[in-house]
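Chain by chain, the residues run as shown.
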Amino acid sequence: MPSSREFVSTENIAFDAIVNTKLAVCDQKMIFMKIKIMSGVIDSFDSIDTGILFGNLIDNAIEAAEQSEAKRISLTVQAKGEYLSVLISNTVKSPVLENNKSFESTKNDVELHGIGLKSVRGIVEKYDGMIDFYEKSGEFYCNVLL
C-alpha cells in the first residue's frame with residue numbers, strides 16, 4: 001500500500017492542522033489519501049468553519065474507506081467561478097445511498113453520533129452553498145459548493 005504521507009501547507013493554519021492530522025490517521029490505518037488544493041482558495045476561510053467542514057467530511061471518509069477493500073480517499077479544493085468547491089470521495093464496502101439515504105448514524109450510541117453531517121449542512125447553509133452526494137464505481141462522493 002503506498003503511503004499518503006505528505007505535508008499540506010496553505011495560509012489557513014486550521015486547514016493545515018486538520019488535514020495533516022487526518023493524513024497521519026490515514027497512514028496508521030493504511031488508507032491512501034490524495035489531496036489537491038488550488039493555491040489561495042482556502043487561505044481566508046474561517047478557521048472554525050474549516051474545522052467543522054473538513055474535520056467531519058474527512059472523518060466520515062476515513063471511517064468508510066477503512067471498511068472498504070481499496071482504502072482510498074481523494075480531497076480536491078478549488079475555485080469554481082465564485083464558489084469554493086470541495087469534492088471528497090472515498091471507497092466504500094457497499095453502496096451508501098441505496099442502504100441509508102438519510103445518512104442515519106450506524107454507530108451504537110446514536111446520542112453521541114450523527115451530528116457531523118448536520119454540522120456540515122449548517123456550514124453549507126451559512127454560506128448559501130450547495131451539497132450533493134452521489135456514488136460511482138464503488139466510491140462515495142460529497143460535493144460542496146460554498
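1. Points about the overall build of the chain
Turning to step 1, where the next piece is worked out: Within the chain, the regular secondary structure consists of three helices and five strands.
Turning to step 2, where the next piece is worked out: The burial tally for the chain puts 37% of its 146 residues in the buried class.
Turning to step 3, where the next piece is worked out: Residue pairs in contact within the chain that sit at least 24 positions apart in sequence constitute 63% of those at least 6 positions apart.

2. Some words on the packing of helix H1 (residues 13-28) against helix H2 (residues 47-67)
Turning to step 1, where the next piece is worked out: With their axes 9 Å apart at the nearest point, H1 and H2 run at an angle of 15° to one another. As judged from the angle between their axes, H1 and H2 are roughly parallel. For the pair H1 and H2, the crossing hand works out as right-handed. Residues Ala14, Phe15, Ile18, Val19, Lys22, Val25 and Cys26 of H1 lie in contact with H2, whose contacting residues are Ser47, Thr50, Gly51, Phe54, Gly55, Ile58, Asp59 and Ile62.
Turning to step 2, where the next piece is worked out: Taken together, the residues of the contact of H1 with H2 break down into nine nonpolar, four polar and two charged.

3. Some words on the side chain of Ser89
Turning to step 1, where the next piece is worked out: Position of Ser89 relative to the elements: it lies in strand E3 (residues 83-91).
Turning to step 2, where the next piece is worked out: At 3.4 Å, the side chain of Ser89 and the side chain of Glu139 are in polar contact.

4. Points about the environment of Ser94
Turning to step 1, where the next piece is worked out: Structurally, Ser94 is set in the loop between E3 and helix H3 (116-126).
Turning to step 2, where the next piece is worked out: For Ser94, a relative accessible area of 39% puts it in the partly exposed group.
Turning to step 3, where the next piece is worked out: When the C-alpha positions of Ser94 and Ser68 are compared, they lie 8.0 Å apart, and in sequence the two are 26 residues distant.

5. Topic: the packing of H2 against H3
Turning to step 1, where the next piece is worked out: Running from N to C, H2 and H3 point in directions that differ by 135°, and their axes come no closer than 9 Å. When the axis of H2 is compared with that of H3, the two are oblique. The handedness of the crossing between H2 and H3 is left-handed. Of H3, the residues touching H2 (which contributes Asp49, Ile52, Leu53, Asn56 and Leu57) are Gly116, Ser119, Val120, Ile123 and Lys126.

6. Quick notes on the nonpolar core
Here is a general trend for soluble globular proteins: nonpolar side chains tend to be buried in one another's company.
Turning to step 1, where the next piece is worked out: Leu53, Phe54, Ile73, Leu75 and Val86 are the most contacted members of the largest nonpolar core, which totals 34 residues.
Turning to step 2, where the next piece is worked out: Secondary-structure elements contributing two or more residues to this core are H1, strand E1 (32-37), H2, strand E2 (72-80), E3, H3 and strand E5 (139-145).
Turning to step 3, where the next piece is worked out: When residues in this core are grouped by element, the largest group, seven residues, is from H2.
Turning to step 4, where the next piece is worked out: In contact with Leu53, other than residues within four places in its own chain, are Phe45, Val86, Val120, Ile123, Val144 and Leu146.

7. Some details on the environment of Tyr83
Turning to step 1, where the next piece is worked out: Tracing the backbone through its elements, the reader meets Tyr83 in strand E3.
Turning to step 2, where the next piece is worked out: The class of Tyr83 is partly exposed, set by a relative accessible area of 35%.
Turning to step 3, where the next piece is worked out: In sequence terms Tyr83 and Leu145 are 62 residues apart; their C-alpha atoms lie 5.8 Å from each other.
Turning to step 4, where the next piece is worked out: Leave out the neighbours within four places in its chain, and Tyr83 touches Gln78, Met130, Leu145 and Leu146.

Cut-offs used in this document
- Residues numbered from 1 in each chain as written.
- Predicted model: local features only at pLDDT ≥ 70, side-chain atom pairs only at ≥ 80, totals over all residues.
- Heavy atoms only, no water.
- Helix = DSSP H or I, 4+ residues; strand = E, 2+ residues; numbered from the N terminus.
- Buried < 20%, exposed > 50% of the residue type's maximum accessible area, 1.4 Å probe, protein only.
- Contact = heavy atoms within 4.5 Å.
- Axes fitted to C-alpha atoms, helices over the stretch in contact; angles between N-to-C directions.
- Parallel < 35°, antiparallel > 145°, perpendicular 65-115°, else oblique.
- Left-handed = near helix turned anticlockwise from the far one by under 90°.
- Nonpolar A, V, L, I, M, F, W, Y, C, P; charged D, E, K, R; others polar.
- Polar contact = N/O pair within 3.5 Å; in protein donor to acceptor, adjacent residues only side chain to side chain.
- Core = buried A, V, L, I, M, F, W, Y, C linked by side-chain atoms within 4.5 Å.

Function cannot be inferred from these measures alone, as they are strictly geometric.
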